[in-house]
Amino acid sequence: GQNIDQPTEMTATEGAIVQINCTYQTSGFNGLFWYQQHAGEAPTFLSYNVLDGLEEKGRFSSFLSRSKGYSYLLLKELQMKDSASYLCAVSPLPPFGGYNKLIFGAGTRLAVHP
Amino acid sequence: DSGVTQTPKHLITATGQRVTLRCSPRSGDLSVYWYQQSLDQGLQFLIQYYNGEERAKGNILERFSAQQFPDLHSELNLSSLELGDSALYFCASSASSGNPQYEQYFGPGTRLTVT
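Below or above, wherever it landed, is the structure these notes cover. Model, not experiment: these values are computed from the prediction. (Residues numbered from 1 in each chain as written. Chains lettered and ligands numbered in written order. Predicted model: local features only at pLDDT ≥ 70, side-chain atom pairs only at ≥ 80, totals over all residues. Heavy atoms only, no water.)

Things to note about the side chain of Ser-38 of chain B
All names here are of chain B. Basically, it comes down to this: Secondary structure follows DSSP: runs of H or I at least 4 residues long count as helices, runs of E at least 2 residues long count as strands, and numbering of each begins at the N terminus. For the exposure calls, accessible area comes from a 1.4 Å probe over protein chains only, and a residue counts as buried if that area is under 20% of its type's maximum, exposed if over 50%, partly exposed in between. Contacts were defined at the residue level, with two residues in contact if any of their heavy atoms lie within 4.5 Å.
Tracing the backbone shows Ser-38 in strand 4 (residues 31-38). Using a relative accessible area of 13% as the deciding quantity, one classes Ser-38 as buried. Sequence-distant contacts of Ser-38, defined by excluding residues within four places in its chain, comprise Ser-86 and Ala-87.

The structure is reproduced here in structure tokens:
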């Protein structure tokens, strides 16, 4: 099976950097995804890691270490609009997955303050 | 706007009733996924269809069923509704079924309230 853990809530200051961690226990997965979700809205794709290392996309970066069962999402130059939930998800291998089924963590609610 | 559409936006119904949620994927996407998001459970995968065929099943109750039609739109049918079925139901689509690098695009969701 799969188990994904993220902190429930985090707070940060506008302009700062924040790192949201995700640890997982899974028998194997294709890749690890990060999604952003504003309250009451649809999740939107942020990043995807399949190999170990850092993927950078503008102000957002995501890191994966398969050997450590660990990923993080790094948000730089925080803006008020970054206040949202951040969801870590894995695409598990068969027999638990396959065909891009995503298993999501409970999400981390980030509050950005002025 | 992700390009995925869902109707209706809101649905209020009574326990024991049956409802149908509808999803149209992004143009060209063959895969459709259904997810349920409730306050205490987070985002839970229900079921996936690819080009009309069921491909993967998650924690979907027997009271729930889905299908994907030849025009690729999908419907999620929820029957014998219970209070605990109140949730946001999201549909997502992606270009491929087997390649995980194709991210899923989520629709705006249908908020179901069972009273």
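Additional details are given in the paragraphs that follow.
Section: the sheet that holds strand 7 (residues 64-68) of chain B
What links the strands of a sheet is backbone hydrogen bonding, and the strands pair in either a parallel or an antiparallel sense. Residues and elements named next belong to chain B. Test applied: Any two strands with at least two DSSP-identified bridges between them are counted as paired. Axis lines are fitted to C-alpha atoms, over the contacting stretch for helices. Their N-to-C directions set the angle, which ranges from 0 to 180 degrees.
Strand order in the open sheet made by the 4 strands is 1-3-8-7, with antiparallel pairing throughout. Because the sheet does not close on itself, it has two edges, and the strands there are strand 1 (5-7) and strand 7. Taking the axes of each pair of neighbouring strands and ignoring which way they run, one obtains an average angle of 15° across the sheet. Two elements, strand 1 and strand 3 (residues 19-24), share 3 bridges in a ladder whose sense is antiparallel. Within the sheet, the bridge partner assigned to Thr-7 lies in strand 3 and is Arg-22.

What to know about the nonpolar core
Convention followed: Only buried residues count toward a nonpolar core. Its members are Ala, Val, Leu, Ile, Met, Phe, Trp, Tyr and Cys residues joined through side-chain atoms within 4.5 Å.
The biggest cluster of nonpolar side chains holds 22 residues, and the ones touching the most others in it are Ile-4, Leu-32, Trp-34, Leu-75, Leu-78, Tyr-86 and Leu-110 of chain A. Mapped by element, the contributors of at least two residues to this core are strand 3 (18-26), strand 4 (29-37), strand 7 (60-65), strand 8 (70-75), strand 9 (84-92) and strand 11 (108-113) of chain A. Every residue in contact with Leu-75 of chain A, bar those within four places of it in the chain, is listed here: Ala-16, Ile-17, Val-18, Ile-20, Arg-59, Phe-60, Asp-82, Tyr-86 and Leu-110 of chain A. One finds Ile-47, Ile-60, Leu-76 and Cys-91 of chain B within the second-largest nonpolar core, a separate group that totals 21 residues.

Overview of the state of the cysteines
Inclusion rule: For this text, the term disulfide refers to a pair of cysteine sulfurs within 2.5 Å.
All chains considered together, the criterion is met by 2 disulfides over all chains. Here Cys-22 of chain A is linked by a disulfide to Cys-88 of chain A, with a sulfur-sulfur distance of 2.0 Å. Its S-S torsion of approximately -65° makes the covalent link between Cys-22 of chain A and Cys-88 of chain A left-handed. Remark: Cys-88 of chain A occurs in strand 9 and Cys-22 of chain A occurs in strand 3; sequence separation between them is 66 residues. Here Cys-22 of chain A falls in the buried class, since its relative accessible area comes to 0%. Among the residues examined, Cys-88 of chain A registers a relative accessible area of 0% and is labelled buried. Across the disulfide from Cys-23 of chain B sits Cys-91 of chain B; the S-S distance is 1.8 Å. Here the S-S torsion is close to -50°, and the disulfide linking Cys-23 of chain B with Cys-91 of chain B is therefore left-handed. Residue Cys-23 of chain B is found in strand 3, and its partner Cys-91 of chain B is found in strand 9 (residues 87-94); the two are separated by 68 residues along the sequence.

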